[in-house]
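So the chains spell out like this:
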Amino acid sequence: MNRALINKILITLGFLFAYRVLAYVPVPGVNIDVIREFFTSNSSNALGMFNMFSGGAAERLSIISLGIMPYITASIIMELLAATFPNLGKMKKERDGMQKYMQIIRYATIVITVIQAIGVSIGLQSLTGRDGSSAIMIDMNLFIAISCVSMLTGTMLLMWIGEQITQRGIGNGISLIIFAGIVSGIPSAIGGTIDLVNTGELNFLVVIAIALVILITVGVVIYVEMGERRVPISYSRKTVMQNQNKRIMNYIPIKVNLSGVIPPIFASAILMFPGTILQASTNEFIVAINDFLNPNSYFFNILTFLFILFFAYFYASITFNAKDISENLKRQGGFIPGVRPGESTANFLNEVASRLTLTGSIYLGLISTLPWVLVKFMGVPFYFGGTSVLIVVQVALDTMRKIEAQVYMSKYQTLSAVGL
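Every chain is numbered independently, its residues counted from 1 as its sequence is written. Residues qualify for local features only when their pLDDT is at least 70, as the model is predicted, and side-chain atom pairs are given and counted only at 80 or more; totals for whole chains, interfaces and linings, by contrast, use all residues. Processing note: side-chain calculations cover all non-hydrogen atoms of the structure and skip hydrogens and water entirely.

**Q** How would you summarise the overall build of the chain if you had to cite specific residues and measurements?
**A** Scanning the chain from N- to C-terminus turns up 17 helices and four strands. When accessible area is computed with a 1.4 Å probe and restricted to protein chains, residues below 20% of their type maximum are described as buried, those above 50% as exposed, and intermediate ones as partly exposed. Per-residue burial for the chain yields a buried fraction of 45% across its 420 residues. Note on contacts: a residue pair is in contact if any heavy atoms of the two residues lie within 4.5 Å. In the chain, once contacts between residues fewer than 6 apart in sequence are set aside, the share between residues at least 24 apart is 76%. Put simply, DSSP marks the helices as runs of H or I at least four residues long and the strands as runs of E at least two long, and each gets a number from the N terminus on.

**Q** Mind laying out the pattern of salt bridges, listing which residues take part and the relevant values?
**A** Throughout this description, the term salt bridge denotes a Lys or Arg side-chain nitrogen within 4 Å of a carboxyl oxygen of Asp or Glu. The final tally for this structure, using the stated rule, is six salt bridges. In this structure, the salt-bridge partner of Arg106 is Glu163, at a minimum N-O distance of 3.1 Å. With Arg106 in helix α6 (residues 95–124) and Glu163 in helix α7 (residues 140–168), this pair connects stretches of sequence that are 57 residues apart. Residue class for Arg106 comes out partly exposed when judged on its relative accessible area of 23%. With relative accessibility at 15%, the residue Glu163 sits in the buried group. Between Asp398 and Lys402 there is a salt bridge, with the nearest N and O atoms lying 3.5 Å from each other. Here Asp398 and its partner Lys402 are both found in helix α17 (residues 386–419), four residues apart, which amounts to about one turn of the helix. Note on Asp398: relative accessible area 29%, which makes it partly exposed.

**Q** Account for a nonpolar patch on the surface, naming residues and giving values.
**A** Nonpolar side chains (Val, Leu, Ile, Met, Phe, Trp, Tyr) are joined into patches within 5 Å and like charges within 9 Å, using only residues with over 30% relative accessible area and no salt bridge. To be clear on the numbers: accessible area is Shrake-Rupley with a 1.4 Å probe, and residue cover counts the displayed protein chains and nothing else. A surface patch of nonpolar side chains, about 710 Å² in accessible area, is lined by Phe204, Leu205, Ile208, Leu212, Leu215, Ile216 and Val220. In this fold, Ile208 is placed in helix α10 (residues 204–225). Using a relative accessible area of 37% as the deciding quantity, one classes Ile208 as partly exposed.

**Q** Any chance you could break down the pairing of strand β3 (residues 251–255) for me, citing the residues and the numbers?
**A** Because side chains alternate across β3, one face comprises the buried residues Ile252 and Ile254, and the other comprises Tyr251, Pro253 and Lys255, none of which is buried. When DSSP finds two or more bridges between a pair of strands, those strands are recorded as paired. Bridge analysis of strand β1 (residues 228–232) against β3 gives five bridges, and the strand direction is antiparallel. Paired with Glu228 across the bridge in β3 is Lys255.

**Q** Outline the environment of Arg401, supporting the account with residue identities and numerical values.
**A** Here Arg401 lies in helix α17. In sequence terms Arg401 and Gly171 are 230 residues apart; their C-alpha atoms lie 8.9 Å from each other. Non-local contacts of Arg401, meaning those with residues more than four positions away in its chain, are made with Glu225, Met226 and Lys255.

**Q** So, the confidence of the model for the chain: which residues are in play, and what are the values?
**A** In low-pLDDT regions, the fine details of the predicted coordinates are not to be read closely. Along the chain, pLDDT gives the predictor's confidence residue by residue, from 0 to 100. Mean pLDDT over the chain works out to 80, with 86% of the residues at or above the 70 mark. Considering each helix and strand of the chain separately, the mean pLDDT is smallest for helix α11 (residues 237–242), with a value of 52, and largest for α7, with 91.

**Q** Pulling in residues and values, what's your account of the packing of aromatic side chains?
**A** To pair, rings of Phe, Tyr and Trp, with the six-membered ring standing in for Trp, must have centres within 6.5 Å; the planes then decide the type, stacked if under 30 degrees apart, edge-to-face if over 60, and tilted in the middle. Tallying each qualifying case throughout the model produces four aromatic pairs. With centroids separated by 6.4 Å and ring planes inclined at 20°, the aromatic side chains of Phe307 and Phe311 adopt a geometry described as stacked. Of the two residues, Phe307 and Phe311 both sit in helix α14 (residues 298–319), four residues apart, roughly one turn of that helix. For the ring pair Phe310 and Phe314, a centre distance of 6.0 Å and an interplane angle of 10° mean the geometry is stacked. In this pair, Phe310 and Phe314 are both assigned in helix α14, four residues apart and thus about one turn of the helix distant.

**Q** So what's going on with unusual backbone geometry? Residues and values would help.
**A** Positive phi, normally seen in glycine, also occurs at Leu61, with a value near 45°. Take Leu61: it is sitting in the loop between α3 (46–53) and α4 (69–84).

**Q** So what about the side chain of Ser326? Which residues, and what values?
**A** Relative to the helices and strands, Ser326 resides in helix α15 (residues 322–332). Identification of polar contacts relies on pairs of N or O atoms within 3.5 Å, with a donor-acceptor requirement for protein atoms, meaning one able to donate a hydrogen and the other able to accept it, and with residues adjacent in sequence counted only if both atoms are side-chain atoms. Polar side-chain contacts of Ser326 include one of 2.7 Å to the backbone oxygen of Lys323.

**Q** Can you tell me about helix α8 (residues 173–184), naming the residues and giving the values?
**A** Relative to the 16 Å expected for twelve residues at 1.5 Å per residue, α8 spans 16 Å between its end C-alpha atoms, a close match to the ideal helical length. Along α8, nine of the twelve residues are buried, which leaves the element largely enclosed by surrounding structure. Residues Gly173, Ile174, Ser175, Leu176, Ile177, Ile178, Ala180, Gly181 and Ile182 constitute the buried set of α8. Among the residues of α8, the N-terminal cap falls to Asn172, whose side-chain oxygen and the backbone nitrogen of Ile174 are separated by 3.1 Å. A helix's residues, less one, multiplied by 1.5 Å, set its expected span.

**Q** Give a detailed account of the nonpolar core, specifying residues and quantitative values.
**A** The set of buried Ala, Val, Leu, Ile, Met, Phe, Trp, Tyr and Cys residues whose side-chain atoms join them within 4.5 Å is what this entry labels a nonpolar core. Formed by 63 residues in total, the largest nonpolar core has its most connected members in Leu61, Ile64, Ile72, Leu124, Ile178 and Ile391. Counting residues per element, this core draws most heavily on α7, at nine residues. Those residues in contact with Leu124 that sit more than four places away from it in its chain are Ile35, Leu61, Ala135, Ile136 and Phe143. Among the nonpolar cores identified, the runner-up in size contains 28 residues, and Val221, Ile233, Ala267 and Leu390 belong to it.

And the structure:
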């Protein structure tokens, strides 16, 4: 392993450590015991799921308690706008335009964070503990101002950490932050499960069944994520003669899951947003809507499945550009046997990608919801969903691939230097 790769890994771990430290920095003026008591009593609904994705920062009302979700929400909005308005989509493809595009996402993140921070602050006003103590220990107006500034600072720091990991470290920074948040809750989840077994609330055989569900889910995720359709390519004799000493890939690898981990993250971000805001209301109609959005409800999981299907197709259409691939093939003298170069090749690749996306989207939807259904039938008294397992395994596989690519690149550079 070369020094450059080690430095990238250390940089990534350093930034993730900073993220975990920020999770323990509370917003000034709150009674943390009341907040923790509130989240403990709501561990099986949308707040419990939100707390899991924030790495436990929400139950401490940390400055990063809103997590990276405002940034993801802003990204979703911009992706939808870019797909709707051609000028915005064109801006995204240009180098200078991409910088403006990312800047717009940052400004949108600020707006969403402030709105969510104000909503959370107002919601805490009526929150009290079992002993009658208030969750807010200072003047309400002052607290709203302080919490907005604190949470905005925390979200901006998270966004910066994610960008730094992507640019200077290994893997996708935003995905790794979510990964670290979920993984950080595993020790406490194991401890809580042991306590439930000791108190008799959970049967030991049920725990074994849950472990089997998790292992099977992990195995299926790894199997599908490694799967790809290899479309064969042939090159003209002239191209082969010109590249006798170069390796030419004779196939186009198209993954079964083209959209990766993005659909479940997007779906979770959208479904958790209204639950976070509506939780503070006592209106009967709003409470009924909030109950529908409970992660332990069938309606929530049906919505999760449908949202994942939509985002899988949407994101795959963005990441896989058949027209660009066909043009590059034509330029390099390559073609798919039995398919004419140009538009016919693009149509063929789109058809292949569409079939794979159908399979991949159904796989993502089932993995995100089916484990919950199985655990629900077991009568488990806490929330467990396949989305968290899916995100953890996918991010781990993606990071391992990038580490492997770095290792191969360093070996190639070393061999090239020796050859020179």
